[in-house]
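What follows is the residue order along each chain.
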Amino acid sequence: MTTITDYVGFSELFRRFDKNPILTPANWPYPVNAVFNPGATKLGNETLLLVRVEDMEGFSHLTVTRSEDGKTNWHIDSQPTLLHDLKSHPEEVWGIEDPRIVWLEERQEYAITYASFSRGGPLVSLTMTKDFKTFKRMGAIMPPDDKDASLFPRRFGGRWILIHRPMPVSNGMGAHIWFSYSPDLKYWGDHHVVIEARQGGWWDANKIGLGPQPLETEEGWLILYHGVRRTASGSIYRLGLALLDLEEPWKVIRRSNEWIFGPKEVYERIGGIPNVIFPCGAVIDRETNELRLYYGAADTTIGLAMAKMDELLDYIKSCPGPKEWRTRA
Ligand code: BMA
């Protein structure tokens with residue numbers, strides 16, 4: 001049977017894994033409503049996903065799942081790995097969501113940024129771990145509304161950089177991607193916009209946000225970001241690319257005009273929130289030079305898509321630089 005998805009032609013930089021979705025609520029060892037938007041990293045020889053799990057009360061927590069090949073045979077923790085901490089962290093009252101994971105070589109630990117759903121709205125929290133069993137909470141590092149955050153894995157000029165997406169209170173001002181800087185991961189300042197949401201008819205008009213953690217390559221930091229298009233029947237979440245300077249990442253070298261990955265398959269178009277692909281984590285397989293992108297599909301299940309790093313970099317290098325994309329913004 002032909003469906004509308006057969007007529008939707010998206011760029012084929014990414015190939016979906018043929019056994020998608022790789023993880024669903026039915027796989028979970030305890031009753032849950034949805035599993036989606038996982039952070040991703042390598043831990044030893046394994047690929048580790050920190051999955052956002054929405055329980056039957058509507059609140060989210062995070063649960064670890066591991067796989068040797070990063071594609072199949074996932075071992076899911078038998079109970080929630082990281083639950084909201086109501087006693088010491090009241091800002092986590094309505095759950096914790098959408099983690100991004102970065103290994104900090106200098107500190108020999110992983111930094112996990114996530115959205116805490118506070119009474120004042122979503123905000124950015126930070127926690128540290130070495131083993132994904134015990135966690136050292138650093139608390140809220142950005143006030144609401146703010147989410148889609150990740151650290152860069154190292155300092156620049158002695159300072160850490162947080163990439164995040166504050167939400168403007170004034171309507172029509174656009175939700176853009178910002179940088180903030182800190183000497184100690186606690187006090188943040190020098191806030192400024194780095195990637196703007198475009199305007200008008202663009203696929204990424206008005207609201208954008210970081211996808212997976214920034215990915216270091218020889219050509220610069222590869223950024224996959226989501227753009228949200230509002231339509232008469234709801235929002236569509238798609239993915240675009242940007243390339244940031246390796247040593248001065250606040251400089252945007254390239255940005256794709258087109259989205260490169262968007263909802264197409266049934267499990268991406270139908271679910272808790274339809275027409276959403278939402279990656280929070282990706283892993284580069286250094287042997288095959290392949291990027292494995294892990295994404296929430298329709299806020300219900302987890303999909304996997306693969307791309308060759310060479311092809312992604314060739315593509316982004318062929319995209320416009322700041323002068324060209326600004327003139328059409
Ligand atoms: C965003 C975030 C994501 C979610 C997406 C689509 O604002 O809340 O967690 O996947 O909306 O519903």
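Residues numbered from 1 in each chain as written. Predicted model: local features only at pLDDT ≥ 70, side-chain atom pairs only at ≥ 80, totals over all residues. Heavy atoms only, no water.

### Concerning the sheet that holds strand E12 (residues 177–182)
Moving on, step 1. Strand order in the open sheet made by the 4 strands is E10-E11-E12-E13, with antiparallel pairing throughout. With one partner strand each, in any of the chains shown, strand E10 (146–151) and strand E13 (189–195) form the two edges of the open sheet. When strand polarity is set aside, the average angle formed by the axes of neighbouring strands in this sheet is 30°.
Moving on, step 2. Sheet topology note: the strand E11 (residues 160–166)/E12 ladder contains 5 bridges and is antiparallel. In the strand pairing of E12, Leu-162 is matched with Ser-180. (Pairing = 2+ DSSP bridges. Helix = DSSP H or I, 4+ residues; strand = E, 2+ residues; numbered from the N terminus. Axes fitted to C-alpha atoms, helices over the stretch in contact; angles between N-to-C directions.)

### Quick notes on the sheet that holds strand E3 (residues 46–54)
Moving on, step 1. Across the sheet, 4 strands lie side by side as E2-E3-E4-E5; this open sheet has antiparallel pairing. Looking at strand neighbours, the two that pair on one side only are strand E2 (34–43) and strand E5 (75–76), the edges of this open sheet.

### Details of the packing of aromatic side chains
Moving on, step 1. Tallied over the full model, the rule gives 16 aromatic pairs.
Moving on, step 2. Ring plane angle 55° and centroid distance 5.5 Å describe the contact between Phe-14 and Phe-261, whose orientation is recorded as tilted. Taken together, the residues span a long stretch of sequence, with Phe-14 in the segment before strand E1 (15–16) and Phe-261 in the loop between strand E18 (252–255) and helix H1 (266–269) at a distance of 247 residues. In this pair, the class of Phe-14 matches that of Phe-261, namely buried. (Phe/Tyr/Trp six-rings, centres within 6.5 Å; stacked < 30°, edge-to-face > 60°. Buried < 20%, exposed > 50% of the residue type's maximum accessible area, 1.4 Å probe, protein only.)

### A few points about the environment of Asn-73
Moving on, step 1. Positionally, Asn-73 belongs in the loop between strand E4 (60–67) and E5.
Moving on, step 2. Overall, Asn-73 belongs to the exposed group, its relative accessible area being 59%.

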